[in-house]
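Residue strings, one per chain:
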Amino acid sequence: MAEDLMQDQARPEVTHNDMANAIRALAMDAVQKANSGHPGMPMGMADVATVLFTRFLKFDAAHPDWPDRDRFVLSAGHGSMLIYALLYLTGYPDMDIEEIKRFRQLGARTAGHPEYGHAPGIETTTGPLGQGIGNAVGMALAERLLNQRYGDDIVGHHTYCIAGDGCLMEGISQEAISFAGHLKLGRLIVLFDDNEISIDGPTSLSESDDQLERFKASGWHTTRVDGHDPEAIASAIENAKGVTDRPSLIACRTVIGFGAPNKEGTSATHGAPLGAEEIEAVRAKLGWSHVPFKVPESILGSWRAAGARHRSEYEKWSEAADRLDASARNRLTDPVDNDVREGIARAIAAIKTDFAAEGAKLATRQSSQKVLEKLMPVVPGLIGGSADLTGSVGTLTKLHNFVTPGDFAGNYIHYGVREHAMAAAMNGMTLHGGIVPYAGTFLVFSDYCRPSIRLSALMGQRVVYVMTHDSIGLGEDGPTHQPVEQLAALRAIPNLNVMRPADSVECAECWEIALLSQDTPTILVLTRQGLPVLRNAPSVENLSAKGAYVLVEPEGDRDVTLIGTGSEVPMAVDAAKLLQDEGIKAAVISMPCWELFEAQDESYRKSVLGKGPRVAVEAAVEFGWQKWLGLKGTFVGMRGFGASAPAQELYKHFGITADAVAAAARDLVAKK
């Protein structure tokens, strides 16, 4: 026992610098071994991260999915070794030293940029600069929404985001900070890595903004600190936590590549290994004499203690959560549990029956609104919104209440004309858990959302994008607002269901698919113009779930197959009738979702497409249709941009009519 006491007395006290230098060493060693990566940012922000993780961040490394943990977002995702080092040091599962050594290698959890799902503790995929800020805003918003519903004992945490100069240069950052300031998201704290260095050199090459004044103008609390003074950092975070009516920006003046005697403070440390000689110089300057990837037990032990410092708080929370009823507890993390799924099925069956019985000619944006009225009571976590187009896109129902600054009891969000931040925030909301977000804008403005839509797909998140005014059918607003290439562009994104329903019944089915697709985001592509109900007989089966199905099958063998999506399916039906009068047997295929159809087995696809020639009709560009048409098929659609005129005149002008479809079919049958 005396010997143990002597060893304890001999063991050196672990300091803040020791713990921060562990991050620096792991970052530079991993980048050097990979011969690829960004050491400068982790080395520069090591002091800030050490203060945050050891003194403030509420988490338990042994329970990384704790619903009431603080969220940490590394918006400056190129500095990924910062988060990997932190996860290893604090003892997160699946992040051992071997993963650090495998940085940027195939199959490693330590990818070049943080990827959601690769390891516990990575809250979101970042790398495209500014996206993390938008995600953090969504997470902070989700926290407030759920706090209003569950109370402080169950939901009461902060969202921290580290962002760099590049994040703040991206346009999405302005949308996000303006939105967060408006909503007074007081539990959002952004730590700005203010190192004044970009890839090209000093940031003065391209900007001269006063970031503090910029954030102040959007209603943020702001302060500036020395990013290498741990006490100043701690004081700033403590003060920010005390500001409850505004989000906070802490500008941390740092030196990129801190500790590299010949390269610190320069862009040379941004995106390349330091080199063996410089790394040895860093070790000498920082007094870090340990071999690569070696963190002394005393320092590692201090970090592991930080990873467990909130264990008792986690246990107290668990006791409170156990007092919730099972459904409320489950929906903290899974807003579409089995009970909700059953409710969705009943609601969709009822509205499909109503649509079929009523037979009303509705724009699918209106059909969508009616579907939402049925869904809202059975999906408590469904949170809607729009980018300043509420009256046009049909995302608001009489069952909605508005979310307003400081009041988060509502379930409808006015995002303003901020499509990019809207999409990024929805990613953050669904990543947070407990929320199924949907929001609307015009399909042509999907281009403004596209980087975030891509990340929804990459991360496998259930986000529903309601995109209306989907073609030249919107009419007089003209080619600036008429999407022609957007469908093809969206269909090119992997793991994204692009759904273009042909009538009200299909619209209901597409909503059901979207809400049940836990790992896939959805684009609902909806019309401005009214469409007839094509399926008048009630159908329990969700035919749209197969991506395409036979809507009209002629008696006997087909002569030709007509394929349509959305508003052009009724056109294909009319063309089939014209052909029938001429003795030509035409089947009509409704194809609401290419992606789901491609996922069906080959025998089903062949049974739907048939053996004969095919004609496709869609008021968009042809790109991609050859997959379904084959080399000898014919496409009827757009060959360029639209024009300003009433919708029906435009369809005739561009040759997208039942007559044109029938003519194309006649030509193919004649050639056969």
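Note that this is a predicted model, so its numbers are computed, not measured.

Rules used throughout
- Each chain carries its own residue numbering, running from 1 in the written order of its sequence.
- Reporting in this predicted model follows two pLDDT cut-offs: at least 70 for local features of residues, and 80 or more for side-chain atom pairs to be given and counted; totals over whole chains, interfaces and linings ignore these cut-offs and use all residues.
- Only hydrogens and water are set aside; all other atoms, that is, all heavy atoms of the structure, feed into the side-chain values.
- We count a stretch as a helix when DSSP gives it H or I for four or more residues in a row; a strand needs E for two or more, and each element gets its number in order from the N terminus.
- A radius of gyration in this sense is built from C-alpha atoms; the matching globule rule multiplies 2.2 Å by the number of residues raised to 0.38.
- Under the counting rule used here, the positive set is Lys and Arg, the negative set is Asp and Glu, and His together with the chain ends is not counted.
- Where a charge sits is defined by one atom per residue type, namely NZ (Lys), CZ (Arg), CG (Asp) or CD (Glu).
- Each nonpolar core is a collection of buried residues, namely Ala, Val, Leu, Ile, Met, Phe, Trp, Tyr and Cys, held together in the definition by side-chain atoms within 4.5 Å.
- For every residue, the accessible area (1.4 Å probe, protein chains only) is compared with the maximum for its type, and the residue is labelled buried under 20%, exposed over 50%, or partly exposed between those bounds.
- Contacts were defined at the residue level, with two residues in contact if any of their heavy atoms lie within 4.5 Å.
- One requirement defines pairing of two strands: DSSP has to find at least two bridges between them.
- A fitted line through C-alpha atoms represents every axis, and for helices the fit uses only the stretch in contact; the resulting angles, taken between N-to-C directions, go from 0 to 180 degrees.
- Nitrogen and oxygen atoms within 3.5 Å of one another constitute a polar contact, given that in protein one can donate a hydrogen and the other can accept it, and given that sequence-neighbouring residues count only through two side-chain atoms.

Caption draft 1: How the structure looks around the overall build of the chain. Looking only at helices and strands, the chain has 28 helices and 20 strands in total. Rg of the C-alpha trace for the chain: 28 Å, near the compact-globule value of 26 Å for 672 residues, within the 12% margin. Seen through its C-alpha atoms, the chain measures out along the principal axes to roughly 100 × 55 × 50 Å. Distance between charge centroids for the chain: 4 Å, based on 63 positive and 84 negative side chains.

Caption draft 2: Spatial organisation of the nonpolar core. Counting 137 residues, the largest nonpolar core has L26, M81 and I100 as its most contacted members. When residues in this core are grouped by element, the largest group, 11 residues, is from helix α2 (residues 16-34). With residues up to four places along the chain from it excluded, the contact list for M81 reads L26, A27, A30, V31, P42, I100 and F103.

Caption draft 3: Local environment of unusual backbone geometry. In this structure, D388 takes a positive phi of about 65 degrees despite not being glycine. Among the structural elements, D388 can be located in the loop between β9 (382-386) and α18 (390-393). Unusually for a residue other than glycine, N495 sits at a positive phi of about 55 degrees.

Caption draft 4: Structural view of the sheet that holds strand β11 (residues 436-442). Strand order in the open sheet formed by six strands is β10-β9-β11-β12-β14-β13, and the pairing between neighbours is parallel. Each edge of the open sheet carries a strand with a single partner, namely β10 (412-414) and β13 (497-499). Sheet twist, expressed as the mean angle between neighbouring strand axes with direction ignored, is 20 degrees. Judged from the three bridges that link them, β9 and β11 form a sheet pairing that is parallel.

Caption draft 5: Region of the structure containing the side chain of H38. Inspection of the secondary structure assignment puts H38 in the loop between α2 and α3 (40-44). From its side chain, H38 meets the backbone oxygen of H78 in a polar contact 3.4 Å long. Among the polar contacts listed, one links the side chain of H38 to the side chain of R104, at a separation of 3.5 Å. Leaving out residues up to four positions away in the same chain, H38 has contacts with V31, H78, G79, R104, T269, H270 and G271.

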